[in-house]
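Single-letter residue listing:
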Amino acid sequence: MAAPSSVMLVRFLRGVSPILLRRILLTERTPVSIWSRMGIQHPQLPLPLNQSFCTVASQSDEASDATNTLESASRYKDKPWEYLESEEYAERYGSKPLWSDYRRNHKGGIPPQKTRKTCIRGDKVCGNPCPICRDANLIVHYQNVKLLEQFISPYTGIVYDPTRTGVCRKQQKHLNQAIETARDHGLLPFHVPYVDHSGEDYSNSHHAVGHTPTPSSLTSGEPWYSWYGTMEADERAVARVKKIYKDYLK
C-alpha cells in the first residue's frame, strides 16, 4: 500500500502549482480530505501553526545596537581630524579628495547650476547625499585642516565652487566659515597675489602725491596743482550731471 500511495502522491504533487501547494501546507485549513482519499496519512507540519519563523529582538539587543550606533557616530566627534588619519578613511577614499569619485543625480546631461539646499531634512536623508553628508565621520571644523584643504585650490587659494565638488549649500556654508576661521587662527595660509610696485602709479613723482605747494600760489590765480589746467571735462558728462541735479543748481 505504501508504494501505490507514494506514486499517487507524486502524481498529485506534479499537477499542483507551487503556490497552491504552499497554501495547502501552511494554512490553518489544510484539506485533510485530499490525503484521506488517496489513502495517505496527513503529514505533520514541522512547526506549529501559530509559530513564526521571525523572532522578535529583545530589548537588550536593541539597546546594544543603539549604543553601538551612537558610539560609531560620535567616535570622532571631539577630534574629527583623527578620522582623516585612520585606516578606515584610507580604505574608503585613498589618496584622492573625498569628492573626486562623487557624481550627482540629475536629469539630462548638463548638471544644474546650484546644488541642493540640504541633504538631511530632519530624520530623512536624500537618495544621493553630498560627499560630506554621506559620511557621518566627516565633521567640518576649523581645526580639521586636511578636510578643508581638499576644498581649496592649491594654485589660487580660492575655495572650489560647490558645483564642482557636489557639496550641498548648507555644508558649503559651513566650509566657508571654517576656512575663514582657520585662516584667522593661522592654520591655513593666505594667498596674496604678487604686485609689482615699480611702476609710475606707485611712485612719488606724481603731483597729486608730491609736495603740496604753499598757499601763496592761490593769490596769483594759478591752480593748486599744475596738472589741474591740463584736465578737460567731458561735455557729455557735464550735461548729464547738470540734467540730474538741475533742480538743486542755483
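Named according to an unreviewed UniProt entry, the chain is Small ribosomal subunit protein mS40 originating from Albula goreensis. Of the comments in the UniProt record for the chain, the one headed Subcellular location (unreviewed entry) reads "Mitochondrion". Turning to the chain, the UniProt annotation filed under Sequence similarities (unreviewed entry) states: "Belongs to the bacterial ribosomal protein bS18 family. Mitochondrion-specific ribosomal protein mS40 subfamily."

Some details on the pattern of salt bridges
It is possible for side chains bearing opposite charge to pair when their charged atoms get close. All told, the structure shown has three salt bridges when counted by the stated rule. The closest approach of N and O atoms between K79 and E82, which form a salt bridge, is 4.0 Å. Since its relative accessible area comes to 43%, K79 is described here as partly exposed.

Observations concerning helix α9 (residues 235-244)
Buried residues are scarce in α9, accounting for zero of its ten residues. Regarding α9, its N-cap is D234, as a side-chain oxygen of that residue lies 3.3 Å from the backbone nitrogen of R236 further along.

Here we look at a nonpolar patch on the surface
A grouping of V241, I244, Y245, Y248 and L249 is seen on the molecular surface, where their side chains present a nonpolar patch of about 560 Å² in accessible area. Among the secondary structure elements, L249 is positioned in the segment after α9.

Regarding the side chain of Q172
With respect to the element layout, Q172 can be found in helix α8 (residues 169-184). Q172 has contacts with V159, Y160, P162, T165 and V167, leaving out every residue within four places of it along the chain.

Topic: the environment of H191
Within the fold, H191 resides in the loop between α8 and α9. Here the alpha-carbon distance between H191 and T156, two residues 35 residues apart in the chain, equals 6.9 Å. When near neighbours in sequence (up to four residues on either side) are disregarded, H191 contacts Y155, T156 and G157.

Brief notes about the nonpolar core
In this structure, L138 and F151 are the most contacted members of the largest nonpolar core, which totals 25 residues. Breaking this core down by element, the ones donating at least two residues are α5 (87-93), α6 (145-149) and α8. At four residues, the largest contribution of residues to this core is made by α8. Once you skip the residues sitting within four places of it in the chain, L138 turns out to touch Y83, L84, Y89, Y93, L98, P131, I132 and L147.

Some remarks on the packing of aromatic side chains
Summed over the entire model, instances satisfying the criterion amount to four aromatic pairs. Ring plane angle 75° and centroid distance 5.6 Å describe the contact between Y83 and Y89, whose orientation is recorded as edge-to-face. For the pair shown, Y83 and Y89 are each scored as buried. Between the aromatic rings of Y89 and Y93, the centroid separation amounts to 4.8 Å while the plane-to-plane angle is 40°, which identifies the pairing as tilted. Note that Y89 and Y93 are positioned in helix α5 at a spacing of four residues, about one turn of the helix. Y89 sits in the buried class, given a relative accessible area of 5%. Put simply, the rings of Y76, Y83, Y89 and Y93 pair up and form one aromatic cluster.

Topic: the state of the cysteines
Counted under the stated rule, the structure contains zero disulfides. Considering cysteine sulfurs only, C133 is the nearest to C130, which forms no disulfide, with 3.4 Å between them. Overall, C130 belongs to the buried group, its relative accessible area being 0%. Of the cysteine sulfurs around C168, a residue in no disulfide, the closest is that of C130, at 3.8 Å. Since its relative accessible area comes to 1%, C168 is described here as buried.

Cut-off values and rules
- Residues numbered from 1 in each chain as written.
- Predicted model: local features only at pLDDT ≥ 70, side-chain atom pairs only at ≥ 80, totals over all residues.
- Heavy atoms only, no water.
- UniProt positions renumbered as here; feature names shortened; annotations may be inferred.
- Salt bridge = Lys/Arg side-chain N within 4 Å of Asp/Glu carboxyl O.
- Buried < 20%, exposed > 50% of the residue type's maximum accessible area, 1.4 Å probe, protein only.
- Helix = DSSP H or I, 4+ residues; strand = E, 2+ residues; numbered from the N terminus.
- Polar contact = N/O pair within 3.5 Å; in protein donor to acceptor, adjacent residues only side chain to side chain.
- Patch = residues over 30% accessible without salt bridge, like charges linked within 9 Å, V, L, I, M, F, W, Y side chains within 5 Å.
- Areas by Shrake-Rupley, 256 points an atom, 1.4 Å probe, with all protein chains shown as cover.
- Contact = heavy atoms within 4.5 Å.
- Core = buried A, V, L, I, M, F, W, Y, C linked by side-chain atoms within 4.5 Å.
- Phe/Tyr/Trp six-rings, centres within 6.5 Å; stacked < 30°, edge-to-face > 60°.
- Disulfide = S-S within 2.5 Å.

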